[in-house]
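Given next are the chains, with one letter for each unit.
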Amino acid sequence: MDETRGRITRDGIRIYEAEDFAGMHAAGKLAAQILDEVADLVEPGVTTEALDAFIERRVTELGAISATIGYKGYKHASCISVNHVVCHGIPGSKVLKDGDILNIDVTVILDGWFGDTSRMYVAGALSRKAERLIQVTHDALFKGIEAVRPGATFGDIGHAIQSFVEANRMSVVRDFCGHGLGRVFHAPPNVLHYGRAGSGPVLEEGMFFTIEPMVNLGRPETKVLPDDWTAVTRDKSLSAQFEHSVGVTATGCEIFTLSPAGRFHPTWR
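Reference entry: report on the structure contained in this document. Remember, it's a predicted structure, so these values are computed and weren't measured experimentally.

Criteria and thresholds
Residues numbered from 1 in each chain as written. Predicted model: local features only at pLDDT ≥ 70, side-chain atom pairs only at ≥ 80, totals over all residues. Heavy atoms only, no water. Pairing = 2+ DSSP bridges. Helix = DSSP H or I, 4+ residues; strand = E, 2+ residues; numbered from the N terminus. Axes fitted to C-alpha atoms, helices over the stretch in contact; angles between N-to-C directions. Contact = heavy atoms within 4.5 Å. Expected span 1.5 Å × (residues − 1). Buried < 20%, exposed > 50% of the residue type's maximum accessible area, 1.4 Å probe, protein only. Phe/Tyr/Trp six-rings, centres within 6.5 Å; stacked < 30°, edge-to-face > 60°. Parallel < 35°, antiparallel > 145°, perpendicular 65-115°, else oblique. Left-handed = near helix turned anticlockwise from the far one by under 90°. Nonpolar A, V, L, I, M, F, W, Y, C, P; charged D, E, K, R; others polar.

**What about the sheet that holds strand E13 (residues 222–224)?**
An order of E5-E14-E13 is seen for the three strands of this open sheet, with the pairing classed as antiparallel. The open sheet has two edge strands with one neighbour each: strand E5 (85–87) and E13. For this sheet the average axis-to-axis angle between neighbouring strands, irrespective of direction, equals 40 degrees. For E5 and strand E14 (residues 231–233), the ladder comprises two bridges, and the chain directions are antiparallel. Directly across from Val85, in E14, lies its bridge partner Val232.

In structure tokens, the structure reads:
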């Protein structure tokens, strides 16, 4: 596809064509398939670098390219964020312990289209507070997705997520957000996971973007570690995240990153 074709809104958001949905579905499905496959490897005693090595191998075997290897100097095919790591956790020698929760985030490029998704996993037994955090975060994502339709605003998405999370006495991270994507990794708009209903740009058919709320059991503040990637909760409270890539349709939206095996939600459900 010629990235110069189509229309750009006054907010800088690209409007894609109807035929572009197929490419996004293919890339999203591949990324989701890899997250399905890695689920069986998540257990106490496994290192996060071993999980990343599996992901890197599968990206190649499935005929795709990792979008993150080489991105701003990043060296891995995934971000793996454990416990109080909010996002952008770097795979390494860390050994998973019983009860650890982790988000695995994968972005692939397939035929020029970017598939971006993340979900939560549990190593071993799950604590009640972690289970509740994961459930609320999962449901918050879908509250945001339910708000997606032409004529709604990006503020409607953020408001739906924030009001649900805060009603459950948890907090939404403000320092990171979703983003536009398609033939590029990151593009306008910034998709905030908090906000006021009716505010922000108006959604139009053909917009592609991610929704990826990060929810903390404690306060929303984060800090980035000296590696310039890893973001953690300032109060060391547990954090969770789920991410889907979506496209706005005439009547609502399509999710590009649905799990082929139905494993987007952790398996206790």
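**Description of the sheet that holds strand E15 (residues 239–241)**
With antiparallel pairing, the three strands of this open sheet are ordered in space as E8-E12-E15. Only two strands of the sheet have a single partner each, and these edge strands are strand E8 (171–172) and E15. Across two bridges, E8 lies against strand E12 (residues 214–216) in antiparallel orientation. When the bridges of E12 are listed, Ser171 appears paired with Asn216. Its contacts with the sheet place helix H3 (residues 128–146) against E12 and E15, and it is angled at close to 35 degrees to E15.

**A few points about helix H4 (residues 154–167)**
Taking 1.5 Å as the rise per residue, H4 with 14 residues should run 20 Å; its terminal C-alpha atoms sit 20 Å apart, in good agreement. Turning to H4, its buried residues are Phe154, Gly155, Asp156, Ile157, Gly158, Ala160, Ile161, Gln162 and Val165. Residues of H4 that are buried make contact with H3, E8, strand E10 (187–191), strand E11 (208–211) and E12. One or two positions beyond H4, positive phi appears at Arg169, with a value near 60 degrees.

**Quick notes on the environment of Ala261**
Here Ala261 is to be found in the segment after strand E17 (253–255). Taking the relative accessible area as the measure of exposure, Ala261 reaches 52% and is therefore exposed. Distance in space between the C-alpha atoms of Ala261 and Glu243 is 16 Å, their sequence separation being 18 residues.

**What about the packing of aromatic side chains?**
Throughout the structure, instances matching the rule amount to 11 aromatic pairs. Both rings, one in Phe142 and one in Phe264, keep their centres 6.2 Å apart while their planes meet at 85 degrees; by these two values the pair is edge-to-face. Here the residue Phe142 occupies a position in helix H3, and Phe264 occupies one in the segment after E17, the gap between them amounting to 122 residues. A relative accessible area of 25% places Phe142 in the partly exposed class. By relative accessible area, which is 7% here, Phe264 ends up buried. Summarising the aromatic geometry, the rings of Phe242 and Phe264 are spaced 5.3 Å apart at their centres and angled 55 degrees between planes, so their arrangement reads as tilted. Linking Phe242 in the loop between E15 and strand E16 (244–248) with Phe264 in the segment after E17, this pair joins segments that are 22 residues apart in sequence. The pair formed by Phe242 and Phe264 is uniform in burial state, with each residue classed as buried.

**Concerning the packing of H3 against H4**
One way to put it is that H3 packs onto H4 with a least axis distance of 8 Å and a crossing angle of 150 degrees. As far as their axial angle goes, H4 and H3 are roughly antiparallel. For the pair H3 and H4, the sense of crossing is right-handed. Together, Val136, Asp139, Ala140, Lys143 and Gly144 of H3 and Ile157, Ala160, Ile161, Phe164 and Val165 of H4 make up the contact between the two elements. By residue class, the composition of the contact of H3 with H4 is seven nonpolar, one polar and two charged.

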